[in-house]
Amino acid sequence: MTTIQLSIFLENKTGRLNDVTKVLSKAGVNMRAFSVADNSDFGILRLLVDDTDKAKQVLKENGFAVSTTDVIALNISNTAGTLDKILDLLAQAKVYIEYMYAFSDGERASVAIKPDDMNAALDTLAKNGIEMI
């Protein structure tokens, strides 16, 4: 099972990230997870939201460059070694991780993974009983 991630390209300037959150807030779209990667000229805001279609529409209407990508979202135990075991399974299946981001709260952790081979990653995770969101 995959989840759709939004990628928003932003100029590196004060308040630009806040412009995105204002647009989404006004539209009633809740951000579930996010990651920001940047270089000297621009940044990429990667988002998981509760209403992807609405978020994409309102962001485009407000002049943001938005693209979508499938990622795998996992719900795993927040204990030492859990992520290591999952990454080991993917490495053994020759799945390269292009990027990932995560957060934890209490006993559970949520992880978004962008593999180079989505089908191999999904098969490997399913065969090993890894919970996907």
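Look up: the structure comes first, before these words.
This text gives an overview of the structure that appears in the document. (Residues numbered from 1 in each chain as written. Predicted model: local features only at pLDDT ≥ 70, side-chain atom pairs only at ≥ 80, totals over all residues. Heavy atoms only, no water.)

**Some details on the overall build of the protein**
This is how the line gets drawn: For the purposes of this entry, the term helix denotes a DSSP run of H or I that reaches at least four residues, the term strand denotes a run of E that reaches at least two, and both are numbered from the N terminus. Any two residues whose heavy atoms approach within 4.5 Å at even a single point are treated as in contact. Exposure was quantified through the Shrake-Rupley algorithm and a 1.4 Å probe, taking into account, for residues, occlusion by the shown protein chains and nothing else. A residue counts as positive if it is Lys or Arg and as negative if it is Asp or Glu; His and the chain ends are not included. Note on charges: their place is set at NZ of Lys, CZ of Arg, CG of Asp or CD of Glu.
Looking only at helices and strands, one finds four helices and six strands in the protein. When the helices and strands of the protein are placed in sequence order, the string is β-α-β-β-α-β-α-β-β-α. In terms of overall dimensions, the protein has a C-alpha envelope of 40 × 30 × 25 Å along the principal axes. Here the contacts in the protein between residues at least 6 apart in sequence split such that 66% fall between residues at least 24 apart. When the accessible surface of the protein is summed, it comes to about 7700 Å², and 48% of that surface belongs to carbon and sulfur atoms. Of note, the protein has its 14 positive side-chain charges centred 4 Å away from the centre of its 18 negative side-chain charges.

**Looking at the packing of helix H3 (residues 82-92) against helix H4 (residues 118-127)**
What counts, and what does not: Axis definition: a line fit to C-alpha positions, over the contact stretch in the case of helices; interaxial angles, taken between N-to-C directions, run 0 to 180 degrees. Note on angle classes: values under 35 degrees are labelled roughly parallel, values over 145 roughly antiparallel, values of 65 to 115 roughly perpendicular, and the remainder oblique. Less than a right angle of anticlockwise turn of the near helix away from the far helix marks a crossing as left-handed, whereas a clockwise turn marks it as right-handed.
One can describe the packing of H3 onto H4 by two numbers: an axis separation of 10 Å at closest approach and a directional angle of 130 degrees. With respect to H4, the element H3 is oriented oblique. As for how H3 packs across H4, the hand of that crossing is right-handed. Residues Ile86, Leu89 and Leu90 of H3 form the contact with H4, whose own contacting residues are Ala121, Thr124 and Leu125.

**Some remarks on the pairing of strand E1 (residues 3-11)**
Keep this limit in mind: In this description, strands pair whenever DSSP reports at least two bridges between them.
Across seven bridges, the pairing between E1 and strand E4 (residues 65-77) is antiparallel. Bridged to serine 7 within E4 is serine 67. Relative to strand E3 (residues 42-49), E1 runs antiparallel, the two being bridged by six bridges. Counted as the bridge partner of phenylalanine 9 is isoleucine 44 from E3.

**Remarks on the sheet that holds strand E5 (residues 97-105)**
Strand pairing in a sheet takes place through backbone hydrogen bonds and is either antiparallel or parallel in direction. Strand order across the open sheet formed by six strands is E2-E3-E1-E4-E6-E5, with antiparallel pairing between neighbours. Each edge of the sheet is formed by a strand with only one pairing partner; in this case those strands are strand E2 (31-38) and E5. With strand direction ignored, the average angle separating the axes of adjacent strands in the sheet is 30 degrees. Its contacts with the sheet put H3 on E4, E5 and strand E6 (108-115), and the angle it makes with E4 is roughly 115 degrees. The strands touched by H4 are E4 and E6; relative to E4, the strand with the most contacts, the crossing angle is about 20 degrees.

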